Amino acid sequence: MTIDRLDRYILTQLLGPFGFFALVFTGIIWLTQALGLVDRVIVNNQSALVFLEFSTLILPRVMASVLPIAAFGAAIYATNRLYAESELVVVMAAGRSYLRLTVPFLLFGFIAMAISYALTLYLVPVSGGRLADRMYGIRNDVTNSLIGEGEFVHPSSDVTIYVKDTSRNGEMIGIFLHDQRDADNAVTYTARKALLLREGETSRLIMFDGIAQSSSQTSDTLSTVKFVQFAYDLSDIAAERAARQKPPSEYRVSDLLSPSPDMLASQKFRIGDYVAEAHNQISAPILALVFPVLAMISTLSGSHRRNGNALRTAVAVTVAAIIQLGAVLAKSYVSERPEQFIISYIPAIVATGVAAILISRSSAVRLPKPWRKLRG
C-alpha cells in the first residue's frame, strides 16, 4: 500500500501535537521527580551541577513512560480538529475507508513505538544505572555523611557521629562518635576538633584533644583514656556500604530474560521481578503503536455530529486508561508468576482487538445522506 499526499498531510498533523504533548507530560512528571532531587542534593551538600546531572538522567525514564500517552493525546487532538473542520468527513465521503484511513496513524504509531523502544531498551537502563550509582555514592560517601552540622548521622548501623560545627577549611568542631560494632566493648569518642583525611580507598578521622570511653558488658566496667591525637579508621565502614544491588529496571532485556547467578544471589529481587521487567520493556512500547489508531477510530466511529465528539473522546480516554492500568497490573501479576509471562502482552492485545472491532463496525456504518451525495 503506497503512501500518498493525504497520508503525509495527516502524519504532519499528528507529529506537531505529539511533540507538544510529549513535552508537556514529560515536563510535569520531570518536575515532580526533580523536586525530590532538590532535597537530596541539598542534604548531601552537592552543587547545582550535580542537580542538573541528576535531572538529565531521569529524563529517559520519564519520556519512556509518557510516550504512549502523548501519542494517544496527539491522535485524539489531531483527529478531533480534522473532524471538526470536516476534512476527514470529506475524505471519507470521497471514498476512503476507515481501514485505509488508519495508514497515517499506523505510521505515526511506528515512529512513537521506535522512539519508545530506543528509550526503554537502551537509554533507560543506562541512565537509570548511572543515576542510581551516583546517588548511592553520594548518599554513602563517608565524607558527606560526616558533614551534617548539628545532626546525628549513621555511617553504618553500629556507628553514630555528631558534628557540632564545621569550618570552611574542612575542620570539624565538637565531635561525638559512638562505635558499638563490638557489642561487648562499645567505645565513645569525644574530641574538641577533627579532620577527615582520605588517601585512595582509605579514610581516617583524625581527632584532637579528646576522650575515649570504653564500656565492657562482661566485666561491667568503664575505662576512660585521654588523647591528644587519635586516628579513627573509617575504611571498614565505607567498605560495608560499597555494594549496591541493581534493580531489574537497570538491566537490559537480554540479561533480564536469563538472570545470572549474581543477579539472583540477593534476596531483594526474585526471578519473577526480572522476567516481569523484561516482558514489560518489550510490551509497553507496543501501546504507542496501537493507541493512535484506537484514538482515531474511537473518535470517528458512528455518524457525523456537528456538535463535536466529547462523549466519544471521553470513552476513548477511559478505554486507554483502563488498558494502561491493565499493563501495570499485568507486570505485578507476572512478577509473582513468571511462568505466565504472556499476561504482559494482554493489554496490547486487548487494545489491538478493540481497535480492530471498532474499525470493522465503523466500516459497516453508512454515511449520513449529505455525505453520501458528495460521494455519488
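Residues numbered from 1 in each chain as written. Predicted model: local features only at pLDDT ≥ 70, side-chain atom pairs only at ≥ 80, totals over all residues. Heavy atoms only, no water.

A.B. asks: Can you tell me about a nonpolar patch on the surface, naming the residues and giving the values?
C.D. replies: Together, Phe-20, Val-24, Ile-28 and Ile-29 give the surface a local cluster of nonpolar side chains, amounting to about 330 Å² of exposed area. Tracing the backbone through its elements, the reader meets Ile-29 in helix H1 (residues 5-43). Judged by relative accessible area, Ile-29 falls into the partly exposed class, the value being 31%. (Patch = residues over 30% accessible without salt bridge, like charges linked within 9 Å, V, L, I, M, F, W, Y side chains within 5 Å. Areas by Shrake-Rupley, 256 points an atom, 1.4 Å probe, with all protein chains shown as cover. Salt bridge = Lys/Arg side-chain N within 4 Å of Asp/Glu carboxyl O. Helix = DSSP H or I, 4+ residues; strand = E, 2+ residues; numbered from the N terminus. Buried < 20%, exposed > 50% of the residue type's maximum accessible area, 1.4 Å probe, protein only.)

A.B. asks: So, the sheet that holds strand S4 (residues 185-199): which residues are in play, and what are the values?
C.D. replies: Reading across from one edge, S1-S2-S3-S4-S5-S6 is the order of the six strands in this open sheet, with antiparallel pairing throughout. Looking along the sheet, the strands with just one partner apiece sit at the ends: strand S1 (152-156) and strand S6 (221-233). Each neighbouring strand pair of the sheet contributes to a mean axis angle of 25°, computed without reference to strand direction. Sheet topology note: the S1/strand S2 (residues 159-166) ladder contains three bridges and is antiparallel. Its bridge partner being in S2, Ser-156 is matched across the sheet by Val-159. (Pairing = 2+ DSSP bridges. Axes fitted to C-alpha atoms, helices over the stretch in contact; angles between N-to-C directions.)

A.B. asks: Could you give an account of the packing of helix H3 (residues 59-84) against helix H12 (residues 310-336), naming the residues involved and the relevant values?
C.D. replies: Between H3 and H12, the least distance of the axes is 12 Å, while the angle of their chain directions is 165°. One finds that H3 runs roughly antiparallel with respect to H12. In this structure, H3 crosses over H12, and the sense of that crossing is right-handed. Contact residues: H3 offers Ile-69, Phe-72, Ile-76, Asn-80 and Tyr-83, while H12 offers Arg-312, Thr-313, Ala-316, Val-317, Ala-320 and Gln-324. Among the residues making up the contact of H3 with H12, the classes are represented as seven nonpolar, three polar and one charged. (Parallel < 35°, antiparallel > 145°, perpendicular 65-115°, else oblique. Left-handed = near helix turned anticlockwise from the far one by under 90°. Contact = heavy atoms within 4.5 Å. Nonpolar A, V, L, I, M, F, W, Y, C, P; charged D, E, K, R; others polar.)

A.B. asks: Explain empty space enclosed by the protein residue by residue, including any values.
C.D. replies: Inspection of the entire model under this criterion finds two cavities of 30 Å³ or more. Volume-wise, the second largest cavity comes out at about 70 Å³. Along the walls of the second largest cavity sit Asn-280, Ser-283, Ala-284, Leu-287, Ala-327, Ala-330, Lys-331, Ser-344, Pro-347 and Ala-348, which together make up its complete lining. Listing elements by their share of the lining of the second largest cavity, those giving two or more residues are helix H10 (271-283), H12 and helix H13 (346-363). The greatest single-element share of the lining of the second largest cavity, amounting to three residues, is contributed by H12. Taken together, the residues of the lining of the second largest cavity sort by class into six nonpolar, three polar and one charged. (1 Å grid on protein atoms, 1.4 Å probe; cavity = no way out; pocket = protein on both sides within 12 Å on 5 of 7 lines; lining within 4 Å. Points joined across faces, edges and corners; volume = space filled by probe spheres on them.)

A.B. asks: Break down the nonpolar core for me, citing the residues and quoting the values.
C.D. replies: Judged by nonpolar contacts, the single largest core of 46 residues is most densely connected at Phe-18 and Leu-101. Among the elements that line this core, the one with the most residues is H3, at 11 residues. Excluding residues within four positions of it along the chain, Phe-18 makes contact with Leu-67, Ala-70, Ala-71, Ala-74, Phe-108, Ala-112 and Ile-115. By size, the runner-up hydrophobic cluster in this structure holds 18 residues, among which are Val-153, Tyr-189, Ala-191 and Phe-227. (Core = buried A, V, L, I, M, F, W, Y, C linked by side-chain atoms within 4.5 Å.)

A.B. asks: So what's going on with the layout of surface pockets? Which residues, and what values?
C.D. replies: The computed volume of the largest pocket comes to approximately 510 Å³. If you trace the largest pocket, you find 19 residues lining it, with Ala-64, Ser-65, Asn-280, Ala-284 and Lys-331 closest to the centre. Among the residues forming the lining of the largest pocket, the class breakdown is nine nonpolar, seven polar and three charged. The calculated volume of the second largest pocket comes to roughly 440 Å³. In terms of lining residues, the second largest pocket is bounded by 22 residues, among which Gln-33, Arg-40, Ile-58, Leu-131 and Met-135 are the most central. Every element with two or more residues in the lining of the second largest pocket is listed here: H1, H3 and helix H5 (98-140). Ranked by the residues each element gives to the lining of the second largest pocket, the list is headed by H5, at eight residues.

A.B. asks: Go over the environment of Val-253 with me, naming the residues and quoting the values.
C.D. replies: As for its position among the elements, Val-253 is in helix H8 (residues 253-257). For the pair Val-253 and Gln-281, spaced 28 residues apart in sequence, the C-alpha to C-alpha distance is 7.3 Å. The residues contacting Val-253, other than those within four sequence positions of it, are Leu-121, Ala-278, Gln-281 and Ile-282.

A.B. asks: How would you explain the pairing of strand S3 (residues 172-179) if you had to name every residue and give the values?
C.D. replies: Across seven bridges, the pairing between S2 and S3 is antiparallel. When the bridges of S3 are listed, Thr-166 appears paired with Met-172. The turn linking S3 back onto S4 is made up of five residues.

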